[in-house]
Amino acid sequence: DTEVEFLDLPRQDTLKTIAFNNNADYLATQKNLKLARINKDIMQSSYYPSLDISGSYGYSKEQQELGLAMEDPNKSWNVGLSLNFALFNGFRRSIQNQNAKLNIESRQLETRAAKLELQNSLTNALERYQNSKQILTLEKNNLQSAQLNFERTRESYQLGQVTSTRFREAQLNLIQARQGISQAKYDAKVSELQLLKIIGKLLYQTEEQDI
């Protein structure tokens, strides 16, 4: 199939927004940063006292040997509270707190680096795609020129005004122009798919859908 359909892509700022919302690698760094902050909150909870609450309920009923049940069964409630506070654990909590802060800072740097990398990748992919579309346009113009040149040369050859070598050259130029436009179409489509991969839309996008 030599027919290649291209998508109507939005502007670069819109593509950037889509990429930040869908790129798997960038979203993974955000998740890691969120988990690091949650782990720090969990670690800091060890600084606070813990309150334990316990409760129990008892019910008993006695029956005499004659088979007469007592009308007033025994019921009992028990409630207990305990407050625990860790005074000292060999600076382990302080070390864990420092490690948690360092982990957050590391994840923040990782997220910023992923953001810059995504922006650069998007810019480069968009430039490649635009260049490939421009090359495709040039190849289409070249094909038109080669087609016109071949037709003129064929007419001149039939009239005996040009040699067979000149006619053969026109044929080869036309064949090369057709091959060039086919290659340019597929190169442009590959560039488009690479762009869709970066913005996280490769698995959810077909030619019939809008981004």
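Residues numbered from 1 in each chain as written. Predicted model: local features only at pLDDT ≥ 70, side-chain atom pairs only at ≥ 80, totals over all residues. Heavy atoms only, no water.

S.K.: It is not clear to me how the overall build of the chain should be interpreted in this structure. Could you clarify?
M.R.: When its secondary structure is counted, the chain shows four helices and two strands. Listing the helices and strands of the chain from first to last along the sequence gives α-α-β-β-α-α. Within the span of the chain, comprising 211 residues, buried residues form 24% of the whole. Pairs at least 24 apart in sequence give 75% of the contacts found in the chain among residues at least 6 apart. (Helix = DSSP H or I, 4+ residues; strand = E, 2+ residues; numbered from the N terminus. Buried < 20%, exposed > 50% of the residue type's maximum accessible area, 1.4 Å probe, protein only. Contact = heavy atoms within 4.5 Å.)

S.K.: Quick question: what am I supposed to make of the packing of aromatic side chains here?
M.R.: Each aromatic ring pair is summarised here by two numbers: the centre-to-centre distance and the angle between the ring planes. A full pass over the atoms with the stated rule returns three aromatic pairs. With a centroid separation of 4.8 Å and an interplanar angle of 10 degrees, the aromatic rings of Tyr-157 and Phe-167 are classed as stacked. Separated by ten residues along the polypeptide, Tyr-157 in helix H3 (residues 92-158) and Phe-167 in helix H4 (residues 164-198) bring together distant segments of the chain. Judged by its relative accessible area of 14%, Phe-167 falls in the buried class. Counting every residue linked through ring pairs, the aromatic cluster contains Phe-150, Tyr-157 and Phe-167. In this structure, Lys-115 is placed above the aromatic ring of Phe-20, and the distance from its NZ or CZ to the ring centre is 5.6 Å. The side chain of Lys-133 reaches across the aromatic face of Phe-6, ending 4.9 Å from its centre. (Phe/Tyr/Trp six-rings, centres within 6.5 Å; stacked < 30°, edge-to-face > 60°. Lys NZ or Arg CZ within 6 Å of the ring centre and 35° of its normal.)

S.K.: Can you help me understand the pattern of salt bridges in this one?
M.R.: Oppositely charged side chains can form a pair if their charged atoms are brought close together. Here the structure, examined in full by the defined rule, presents two salt bridges. Ionic pairing is found between Glu-110 and Arg-107, a salt bridge with its closest N-O pair at 3.3 Å. Here Glu-110 and its partner Arg-107 are both found in helix H3, three residues apart, which amounts to about one turn of the helix. Close ionic contact of Lys-189 with Glu-192 constitutes a salt bridge, the shortest N to O distance being 2.5 Å. With Lys-189 and Glu-192 both in helix H4 and three residues apart, this pair spans about one turn of that helix. Side by side, Lys-189 and Glu-192 carry an identical accessibility label, which is buried. (Salt bridge = Lys/Arg side-chain N within 4 Å of Asp/Glu carboxyl O.)

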